[in-house]
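Read off the chains here:
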Amino acid sequence: MKVVRLPTFDKSDSDYRGQVMSNNARSTKGMMGVNSLPVNGGGNVLRKGLPISVQTKPSAAGSSMTNSRKTESSPDPKDHLLLMASRRVWFTDPKHGFLLGQIVDLGADKVTVEPDSSGMRAGSQLQVAYESVYPAEDNSSQDYDDNCSLMYLNEATLLNNIRLRYERHQIYTYTANMLTAVNPYVEIKGLYTAETIKRYQGKSLGTLPPHVYAIADKAFRDMKVTKQSQSIIVSGESGAGKTESTKYILRYLCGSWGSTAGPIEQKILDANPVLESFGNAKTTRNNNSSRFGKFIEIHFETNQKVTGGFISHYLLEKSRICSQSSEERNYHIFYQFLAGAPAQLKQHVRLGNSKLSDFHYLRQGCNQFFGEKGTLRDPIVDDIKDFKETDTALSHLGLGDADKVAVYSVVSAVLHLGNICFQDDPDDQRGGCRVTVESEADLQVAAELVGVDQDELRQALTSRVMQTAKGGTKGTVIMVPLKVYEANNARDALAKAMYSRLFDYIVHRINQSIPLKSSTAYIGVLDIAGFEYFTLNSFEQFCINYCNEKLQQFFNERVLHDEQTLYEKEGLGVSRIEYIDNTDCIDLVESPKNGILSFLDEESKLPKPSAMHFTTEIHKAFPNHFRLALPRKSKIKEHREIRDDEGFLIRHFAGAVCYKTTQFIEKNNDALHASLEGLVQESRSPFLKNLFTLTASLHSSTQKLTGKLTHMSVASKFRMQLSELLEKLRGTGTSFIRCIKPNAKMVPDVFEGGQILSQLQSAGMTSVLELMQKGFPSRVPFAQLYATYNGLLPPRLSSLDPRFFCRALFKALGLSEDDFRFGLTRIFFRPGKFKEFDQLMRNDPDSLSQMVASVTRWIVQSKWKKSQFAALSVIKLKNKILYRREKLVVIQKTVRMHLARKQNRPRYRGIMQLRKLESQIAAMGQTVAKLKKDRESSQKEVDKVRLELAAAIQSIKSNVKIRPENIEKLHKDLLGKCDSLLKTLSQRVEAEKNAEEQEKARKMREEMERQKREKEEQERAKQLEEEHRRKKAEMEARRKKEEAEMAIKVAKQKSVEQQNKSNLNDLIGFTDAAAVEQDKRDVELAYRLAQESNGNATMEEAATPTQLKRSNYVVNSRAGKKYDLSGWKYSELRDAINTSCDMELLEACREEFHRRLKVYHAWKARNRGGKASSEMDERAPKSIYQHQQSYQPSASPSPPPGGIPLQRYFRIPFTKDGQNRGLWFSHFDGQYIVRQMEIHQGKPPVLLVAGHDDMQMCELKLSETGLTRKRGAEILEYEFEKEWNRNGGMPYMRPLDRRNS
Ligand SMILES: Nc1ncnc2c1ncn2[C@@H]1O[C@H](COP(=O)(O)OP(=O)(O)OP(=O)(O)O)[C@@H](O)[C@H]1O
Ligand SMILES: [Mg+2]
């Protein structure tokens, strides 16, 4: 046996990924030549030859069970090719799939291969792409029962193995648990005999050569062991042998292990010929092609006896009833009946001497019989023989003669119906048609067989009942005449409905005959058409391919997904395999919202359904769907000729298929129009009537299920059936049989490699190969393995525990660990290894005794090892105990410490935390030290906290059981106190600091202000000084000016006096008179004044006015004055001065006042005699009066500048005998003195104010004083004010200001 060395591949490897993609692309080309559609599941991975072609030499011969299956990572493909350079390889060939050759050169992209001299294309050299080259087995003529046993697992070796076996009439090959069956098209001797059945009975898969019986047996045993229903899915394209395989399985399961079948089993078996007669037909691909799908359930009860069965059927091809292509036939029953039915029966059903060509429904296709009556030959199909078989089977199924006649009558009625032809009715003005004269006879027979009146049938076929929407409750019923083509359609529809209902009836009768009363589990066999494609495909292919997509999904789930999930559950550590999920394709078809089928149903509901509209809508709905494309995108010319609204392309898992949608709507809607429905409902034939009511009841049950009351479309029904089927399948254990059709000619011994490869690919075999080469396809639960083999072994072995038994067995057999793996509940075997194990177990008695001896030896050895182990364990245990005791002390110590720590840690930590507060308190002390105020009270507060802290620490120390939360609270409280106190102290310090700062700032501000003031003062003093200097300069200038003016004036005066002197005598008379008058008045005035001034002026003796002499000036000065004040009293003048606003009056008053004062003083002086001079001195220094005597007043004194009289201040000394005796200060407001001050040493100062002290004050006008011309006499205001203020004088207010204030 060869060793299988399988490298694994690293999917993360980028080179490898690149290859996968390119291989994907390649794999689709060969399929249909359509376009790049990745084919089935993970198969794409295994189809690559190079990545898995590690050139490790097979190990030396010997028991393969001991050989290991090493996995290696995939090296560079070119390296493989270099290794393979001297070896034989497989390279792709469109016709044969693969051819053998030898690499002769390695190019950049291609490999040069020289085909084998013995094979095809010998002698030529070919350039082949790298990915199209696969390593060949060393011995390419060696075949294997299981493909998994191949050394190189790839498409080429798989195909070659199948080919080799096929050539040897070994049509079955395993790929792990899956069976590949190639149709031999010839009876292989002994392959299906009762003996063979017996041989396979109860044998594990792989123990005998691959066989369909082995699969059936596995399903049976699995059902028996697991108590779970099983299903066997038989798939393959038309003619691949599905139905035959199904029959063998049924025969195996119903054949009571080779012996004669029981009554129920027989009935199940009898169902086949009947189903085939009514549901099979000759097609170009298969002479006995099943035109429907079926799922046959064989139910078993607890003792594994068949209790009944149930057949579900799917999608009977109805179009075949009315038309067939030239090479094909209608359903077998028509031919069988015409060929094999007794004449009487034929006569009875009105088929008398009819020939095939008599019937329109038969003559369009191949109107030949199979068997001796015709020209067609087939090893299985023979019309005469088959009729007999069918008839008998019908009887077995419980159909009585009458039933059978009724069945045949329907068959005959369909044929006669088909012969009814129509022609335009010239009498019908609505464009109707009529039955042709030639067809009348057939019409009559058909009416008879259907059980209706001939005319009723005629009318129902040529017109249609319609109900108007209005008129009465149900609307008015009107008959609409049909056109010829419409009548033809109506006829065909009736024929199809009758036949399909007949088929439903037959299946129903079969199911009735095999009722299941009590069932524990069943084995279901699914025989349904495989993936199907023609150049252009219609609704039937669409449905069947949709079904195959669903089955493929189930296959992926079951084989790839479930298998891998099991590996995971059992902990085998098998790396995962990726596969392509086709859910998107299924959704595209069946999605209830916007699947193609729902679009189709929606279209059918439209008032005028149109295939074009339907197709356009689909393209519109899925413009960029990966699975759907426009036909013109195809690479096939015929597809491109189809318009966009005529069809679509679907990329199925197995390849792209082009569907032409022209008849989709019609085929989807198999409802009869109302007239025909009514007609058959009223049939006189109870059988026919029953056919329609039966199906109606079947329909209503499904309608109830879906909740819809409308007629169910074919697609919807199929979709529902499929989902039911899939649900069933999911609830069962599954086995797969992949049937392969070896050639299109349907002949034995022709192996068309290219086509077969394509079938293998669509069947997902390559992805299974990949899974299996990495996986463990065979698995047995420990208990089952134990139960199977312990009978073969001596009691001492068989009494062992199952798991230990298995382990002992495997060890004793020396099996390699790589060939099996112990899961959690079962043992898993590598492909083919279980068979080898089984063989070892079933060897001849000698080797068995050897094996028993070795198992016994192993057990003894293992027991000895166990004893040694036990002794060692005891010693080890003792040491361990000592060690543990030592360690326990450590543990105790540690734990105690831990506990102590655990208990005291909070206290310790609490104290630590509290201690930290001490530094805070110290900080507080420092803060207190900074305080200037309240230091003592603050210190007291700090001390209080310190004491509290000490008390808290003490309380923690003294109280062992203090709770952590209390400690925490203590700490928290103290921390809070410390914080708040520290904050308060800091605030105090801060406040003090701020106050100091503010004080400092205030002082600075004051200092600055003082300095500023000083500066300003200095400035002002400076300015004042400057001002004084300036004023003094002005004063001096003024004085000088006045002095000069005075000098001039004096000079002038003198000259004038000289002049006057001469005139004096002339004038003396007048002047005297006036002077006397004036003097008189002056005396009166002086007198009055003396009285008014409270006696200060004492009138001693009034001088006679005549004594007074006045100058001319006095007289002149009064002349022309505005105011005559001579009559005013002294007090009136005084008031006017103080109150008047009239400047002129004011001035006049002042002048008058001073004139009177002067007069007074003069008068007084004269009357005083010798004392006069001293008195005069008291009012003003003598020098002033001296000057006054010399002064000659000018007629018009100069007016004050700006109308405001000048304020002038003077200081002159009192002198006596050339010595200064005091100082005299005066303040002149304009011409008149307002303040006067006399300061004598050793005497109090005398301060006099005008208006109050006038009598004691200088009465002279300023100009009369001569002060202005006296050097150094005038002083500045401030000098006067200073002295005045110093001596306690009141501030001076001018008469005008007094009034205003
Ligand atoms: N195991 C077999 N041994 C001999 N001949 C076989 C075997 N299997 C199939 N055949 C031949 O092949 C023919 C086609 O087989 P079968 O009817 O089972 O195909 P199918 O897969 O069911 O096709 P379809 O899908 O058209 O029904 C059979 O009539 C028979 O002649
Ligand atoms: Mg079939």
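Residues numbered from 1 in each chain as written. Chains lettered and ligands numbered in written order. Predicted model: local features only at pLDDT ≥ 70, side-chain atom pairs only at ≥ 80, totals over all residues. Heavy atoms only, no water.

By the naming in an unreviewed UniProt entry, the protein chain goes by Unconventional myosin-VI and is assigned to Allacma fusca. Taken from UniProt, the Sequence similarities (unreviewed entry) comment for the protein chain reads in full: "Belongs to the TRAFAC class myosin-kinesin ATPase superfamily. Myosin family." In UniProt, the protein chain has this text filed under Subcellular location (unreviewed entry): "Cytoplasm". (UniProt positions renumbered as here; feature names shortened; annotations may be inferred.)

Novice: Account for the overall build of the protein chain, naming residues and giving values.
Specialist: What the protein chain contains, in helices and strands, is 43 helices and 29 strands. Expressed as a percentage of the 1301 residues in the protein chain, the buried residues total 50%. At a minimum sequence separation of 6, the contacts of the protein chain that also span at least 24 residues come to 68%. Counting every atom, the protein chain has about 62,900 Å² of accessible surface; 53% of that belongs to carbon and sulfur. (Helix = DSSP H or I, 4+ residues; strand = E, 2+ residues; numbered from the N terminus. Buried < 20%, exposed > 50% of the residue type's maximum accessible area, 1.4 Å probe, protein only. Contact = heavy atoms within 4.5 Å. Areas by Shrake-Rupley, 256 points an atom, 1.4 Å probe, with all protein chains shown as cover.)

Novice: If you had to explain the pattern of salt bridges to someone new, which residues and values would you point to?
Specialist: Taken as a whole and judged by the stated rule, the model has 68 salt bridges. In this structure, Asp403 and Arg509 form a salt bridge, with 3.2 Å as the shortest nitrogen-oxygen distance. Of this pair, Asp403 sits in helix α14 (residues 401-419) while Arg509 is found in helix α17 (residues 484-513), placing the two residues 106 residues apart along the sequence. Classification of Arg509 by relative accessible area gives buried; the value is 15%. (Salt bridge = Lys/Arg side-chain N within 4 Å of Asp/Glu carboxyl O.)

Novice: Any details on the coordination of the magnesium ion (ligand 2)? Residues and values, ideally.
Specialist: In the first shell of the magnesium ion (ligand 2), the protein supplies Thr243 (OG1) and Ser290 (OG), at 1.8 to 2.0 Å from the metal. Of this pair, Thr243 sits in helix α7 (residues 242-254) while Ser290 is found in strand β10 (residues 289-290), placing the two residues 47 residues apart along the sequence. In this structure, Thr243 and Ser290 share a single accessibility class: buried. (Donors = N, O, S within 2.8 Å, 3.2 Å for Na, K, Ca; no water.)

Novice: Provide a residue-level description of the packing of helix α10 (residues 332-340) against α14, including the pertinent values.
Specialist: Two numbers describe how α10 lies on α14: the axes approach to 11 Å, and their chain directions differ by 105°. Accordingly, the angle class assigned to the pair α10 and α14 is roughly perpendicular. Contacts from Ile333, Phe334, Phe337 and Leu338 in α10 reach Tyr408, Val411, Val414 and Leu415 in α14. Taken together, the residues of the contact of α10 with α14 break down into eight nonpolar, no polar and no charged. (Axes fitted to C-alpha atoms, helices over the stretch in contact; angles between N-to-C directions. Parallel < 35°, antiparallel > 145°, perpendicular 65-115°, else oblique. Nonpolar A, V, L, I, M, F, W, Y, C, P; charged D, E, K, R; others polar.)

Novice: Could you give me a rundown of the environment of Cys148, with the residues and numbers involved?
Specialist: Here Cys148 shows up in the loop between β5 (133-135) and α4 (155-167). For the pair formed by Cys148 and Leu769, sequence separation is 621 residues and the distance between their alpha carbons is 6.6 Å.

Novice: Go over a positive patch on the surface with me, naming the residues and quoting the values.
Specialist: On the surface, a cluster of positive charge is contributed by Lys1182, Lys1216, Arg1221 and Lys1243. For Lys1182, a relative accessible area of 40% gives the class partly exposed. (Patch = residues over 30% accessible without salt bridge, like charges linked within 9 Å, V, L, I, M, F, W, Y side chains within 5 Å. Lys, Arg positive; Asp, Glu negative; His and termini not counted. Charge placed at Lys NZ, Arg CZ, Asp CG, Glu CD.)

Novice: Run through helix α37 (residues 1130-1139), naming residues and quoting values.
Specialist: Turning to α37, its buried residues number three or more, namely Tyr1130, Leu1133, Arg1134, Ala1136 and Ile1137. Down the axis of α37, the buried set is contained in an arc of 160°. They therefore lie on one face. (Arc of directions from axis to C-beta.)

Novice: Explain the UniProt feature "coiled-coil region" (unreviewed entry) in the protein chain to me, using residue names and the numbers behind them.
Specialist: On the UniProt side, "coiled-coil region" (unreviewed entry) is annotated at positions that read residues 914-948 here. Split by type, residues 914-948 is 86% helix and 0% strand. Its first and last C-alpha atoms lie 11 Å apart.

Novice: I'd like a description of the side chain of Ser685, backed by residues and values.
Specialist: As for its placement among the helices and strands, Ser685 is situated in the loop between α24 (674-681) and α25 (686-706). Residue classification places Ser685 among the buried positions, given a relative accessible area of 18%.

Novice: Which residues make up the site of ligand 1, and what are the values?
Specialist: Around ligand 1, a shell composed of 20 residues is seen, among which Asn183, Ser238, Lys242, Thr243 and Ser289 lie nearest. For ligand 1, an oxygen atom lies 3.3 Å from a polar atom in the backbone of Asn288. Contact with the protein chains hides 96% of the accessible area of ligand 1, taken as 610 Å² for the molecule alone. For the shell around ligand 1, the elements supplying multiple residues, two or more each, are α7 and β10. The element contributing the most residues to the shell around ligand 1 is α7, with four residues. In the shell around ligand 1, the residues fall into eight nonpolar, nine polar and three charged. (Near = heavy atom within 4 Å. Polar contact = N/O pair within 3.5 Å; in protein donor to acceptor, adjacent residues only side chain to side chain.)

Novice: So what's going on with the sheet that holds strand β25 (residues 1207-1216)? Residues and values would help.
Specialist: Across the sheet, five strands lie side by side as β28-β27-β26-β25-β29; this open sheet has antiparallel pairing. Either end of the sheet is taken by a strand with one partner, and the two such strands are β28 (1246-1249) and β29 (1274-1275). Here helix α42 (residues 1277-1286) sits on the sheet in contact with β25, β26 (1219-1229), β27 (1232-1240), β28 and β29, set at roughly 55° to β27. (Pairing = 2+ DSSP bridges.)

Novice: Explain unusual backbone geometry residue by residue, including any values.
Specialist: The backbone of Tyr185 shows a phi angle near 55°, a positive value even though the residue is not glycine. Among the secondary structure elements, Tyr185 is positioned in the loop between β7 (178-182) and α5 (194-200). With a phi close to 60°, Met746 is a non-glycine residue in the positive phi region. Secondary-structure assignment places Met746 in the loop between β21 (733-740) and α27 (753-762).

Novice: Could you give me a rundown of the confidence of the model for the protein chain, with the residues and numbers involved?
Specialist: For the protein chain, per-residue confidence averages 80 on the pLDDT scale, and 82% of positions sit at 70 or higher. Ignoring residues within four places in sequence, the model shows residues 1-80, a span with pLDDT below 50, making 213 contacts including any to other chains. Every residue in residues 700-710 scores below 50 in pLDDT, and together they form eleven contacts with partners more than four places removed in sequence or on other chains. (pLDDT = per-residue confidence, 0-100.)

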